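A closer look at the structure
Here is how the chains run, residue by residue.
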Amino acid sequence: MSIGIHDLAVATAHHVVDLAELAEATGVDPAKYQIGLGQDRMSFPAADEDIVTMGAAAAQPLLERHGTEGIRTVLFATESGVDQSKSAGLFVHELLGLPRTMRVAEFKQACYGATAALQSALGIVARNPQERVLVIASDVARYELDTPGEPTQGAGAVAMLVSADPAQLAIEPVSGVAARDVDDFWRPNDSTTAVVDGRLSLTAYLGALTTAWDDFTAGGGVGAEQIDRFCFHQPFTKMARKALKGLAQHTGVELGDELQEATFTYNRELGNTYTASLYAGLAALLDHDDDLAGQRIGLFSYGSGAVGEFFTGIVQPGYQEQRRRAAVTAELAARIPLSLSEYRELHAAEHASVTDLETPRVTQGPFRFAGIRRQARQYEATQG
């Protein structure tokens, strides 16, 4: 019996910031972002959007296509949590009208959280193949203004339906893992923006990749020459290029950029989506490569702090029938550009929980963050 990703969908925020415009406004050569980072634009949430609204928007088309029968678990992965106790998945559960007989939990380990959720979902389905699991990865990447991390911000969500006999990607059983306590990136409880040591983060990422790869092969995983495409976590797409080059050097196998090029399509537009990044890359690959049936994809998930995992999946025949290329392209094109002043104003806005708040109606998405009442976050469906 195969288990894996039956379907997946991508969602993002209402606004977009063009990195060429940001570069010019701040006296930076646009090539530094477009070529040096491999990024073109970054999504930015409206005042009435957050990880919950994006996560629900990503999950909705999965439920419309496949229904809710058999879904008894919702796993929400994020490092942009909206509450220190309550899972963001419970807000989504209510917005989507899911059955009461369900387990809901939130996963956190930087950008790796969605892979931890996926692996848990695989175990749940292995126990009971009649069950399906809804996995949601949703994040808003935020750094201080006028810092090196600023152009690597972004916002987006990916929802995945995990089941037996999946229609898109069957996950193979061997997995290689790596963990190390390192302060390359973190966000303190009292901060709305992350702290990052860029040089250390690069080293930690590449170190986790080689450690996870060696563990993968030691556990019986296939050689690099037996992998047809690669999809890596992309805090910025140039990072994935560096990683593939590093893996090639580590294994002695020639691995050209063409083996991962299609995975960059959405992330160049979304920016960094933290937990959703790897799976936005996977969605782009499945949406834009027409000849993947039977091919093996190597996936590397990384979360600062630091945890890494390398695993593989086999693309299923007929995967093209599940694709959402047109829908994602339309959503990206529909984003409303922000001027530099508008972007900076939104970036500086804070939603303190100590006072009631009613957010302005901005988003055209299907769900919105309505505000705060008695310190509790309020969400609602829209007519969007």
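Residues numbered from 1 in each chain as written. Predicted model: local features only at pLDDT ≥ 70, side-chain atom pairs only at ≥ 80, totals over all residues. Heavy atoms only, no water.

With respect to the nonpolar core
Nonpolar side chains in soluble globular proteins tend to end up buried together. Among the nonpolar cores identified, the biggest contains 42 residues, and Val-162, Tyr-279 and Leu-282 are the most heavily contacted of them. When residues of this core are assigned to their parent elements, the largest contribution, eight residues, is made by helix H9 (residues 277-288). Those residues in contact with Leu-282 that lie beyond four places of it in its chain are Ile-5, Leu-8, Leu-169, Cys-231, Ile-297 and Leu-299. Counting residues in each nonpolar core, the second largest holds 39 residues, with Val-182, Ala-212, Ala-248 and Leu-259 among its members. (Core = buried A, V, L, I, M, F, W, Y, C linked by side-chain atoms within 4.5 Å. Buried < 20%, exposed > 50% of the residue type's maximum accessible area, 1.4 Å probe, protein only. Helix = DSSP H or I, 4+ residues; strand = E, 2+ residues; numbered from the N terminus. Contact = heavy atoms within 4.5 Å.)

Details of the pattern of salt bridges
Tallied over the full model, the rule gives 19 salt bridges. Ionic pairing is found between Asp-18 and Arg-41, a salt bridge with its closest N-O pair at 3.2 Å. Of this pair, Asp-18 sits in strand E2 (residues 15-18) while Arg-41 sits in strand E3 (residues 41-44), placing them 23 residues apart in sequence. On the basis of relative accessible area, Asp-18 is assigned to the partly exposed category, the value being 21%. Here Glu-269 and Arg-335 are joined by a salt bridge, their closest N and O atoms 2.7 Å apart. With a gap of 66 residues between them, Glu-269 in helix H8 (residues 267-270) and Arg-335 in the loop between helix H10 (325-334) and strand E14 (336-337) connect regions that are remote in the sequence. Note on Arg-335: relative accessible area 6%, which makes it buried. (Salt bridge = Lys/Arg side-chain N within 4 Å of Asp/Glu carboxyl O.)

So, the layout of surface pockets
In this structure, the largest pocket occupies an estimated 1,600 Å³ of space. Lining of the largest pocket is provided by 50 residues; of these, Ser-80, Gly-81, Val-82, Arg-187 and Ser-191 occupy positions nearest its centre. Those elements that place two or more of their residues in the lining of the largest pocket are strand E9 (185-186), strand E16 (367-373) and strand E17 (376-381). Its residues assigned to classes, the lining of the largest pocket comprises 21 nonpolar, 16 polar and 13 charged. Considered as a void within the structure, the second largest pocket measures approximately 840 Å³ in volume. In terms of lining, the second largest pocket is formed by 36 residues, of which the most central are Pro-148, Gly-149, Thr-152, Gly-198 and Phe-236. Counting residues per element, the ones that place at least two in the lining of the second largest pocket are helix H2 (31-34), strand E10 (195-196), helix H6 (198-218) and helix H7 (237-251). Considering each element in turn, the lining of the second largest pocket owes the most residues, five residues, to H6. A class-by-class count of the residues in the lining of the second largest pocket yields 19 nonpolar, 10 polar and seven charged. (1 Å grid on protein atoms, 1.4 Å probe; cavity = no way out; pocket = protein on both sides within 12 Å on 5 of 7 lines; lining within 4 Å. Points joined across faces, edges and corners; volume = space filled by probe spheres on them. Nonpolar A, V, L, I, M, F, W, Y, C, P; charged D, E, K, R; others polar.)

Things to note about the sheet that holds strand E1 (residues 3-11)
Across the sheet, which stays open at both edges, the nine strands sit in the order E5-E4-E6-E7-E1-E8-E13-E12-E11 with mixed pairing between neighbours. At either end of the open sheet lies a strand with only one pairing partner, and these are strand E5 (103-107) and strand E11 (229-232). Mean inter-strand twist for the sheet, computed between neighbouring axes without regard to direction, equals 25°. One ladder, built from two bridges, connects E1 with strand E8 (residues 169-179); its direction is antiparallel. Residue Ile-5 lies in a different strand from E8, and its bridge partner there is Leu-169. Of the strands in this sheet, strand E4 (71-77), E5 and strand E6 (132-141) touch helix H4 (residues 88-95), which is tilted by about 135° from E5. (Pairing = 2+ DSSP bridges. Axes fitted to C-alpha atoms, helices over the stretch in contact; angles between N-to-C directions.)

Overview of empty space enclosed by the protein
Here the structure, examined in full by the defined rule, presents one cavity of 30 Å³ or more. When its volume is computed, the largest cavity comes out at roughly 60 Å³. For the lining of the largest cavity, the secondary-structure elements that each account for two or more residues are E1 and H9. In the lining of the largest cavity, the residues fall into six nonpolar, two polar and three charged.

Observations regarding the packing of H6 against H7
Helix packing for two helices is described by the angle between their axes and how far apart those axes are. Direction vectors running N to C along H6 and H7 enclose 45°, while the axes themselves pass 10 Å from each other. Relative to H7, the element H6 is oriented oblique. Seen from above, H6 lies across H7 with right-handed handedness. For the pair H6 and H7, contact is made by Leu-202, Tyr-205, Leu-206, Leu-209, Thr-210, Trp-213 and Asp-214 and by Met-239, Lys-242, Ala-243, Leu-247, His-250 and Thr-251, respectively. A class-by-class count of the residues in the contact of H6 with H7 yields eight nonpolar, three polar and two charged. (Parallel < 35°, antiparallel > 145°, perpendicular 65-115°, else oblique. Left-handed = near helix turned anticlockwise from the far one by under 90°.)

With respect to helix H3 (residues 51-66)
With 16 residues, H3 should cover 22 Å at 1.5 Å per step; its first-to-last C-alpha distance of 23 Å lies within 8% of that length. Within H3, the full set of buried residues consists of Ile-51, Val-52, Thr-53, Met-54, Gly-55, Ala-56, Ala-57, Ala-58, Ala-59, Leu-62 and Leu-63. Gly-67 sits one or two positions beyond H3 and adopts a positive phi of about 75°. (Expected span 1.5 Å × (residues − 1).)

By themselves, these observations are geometric and do not establish any function.
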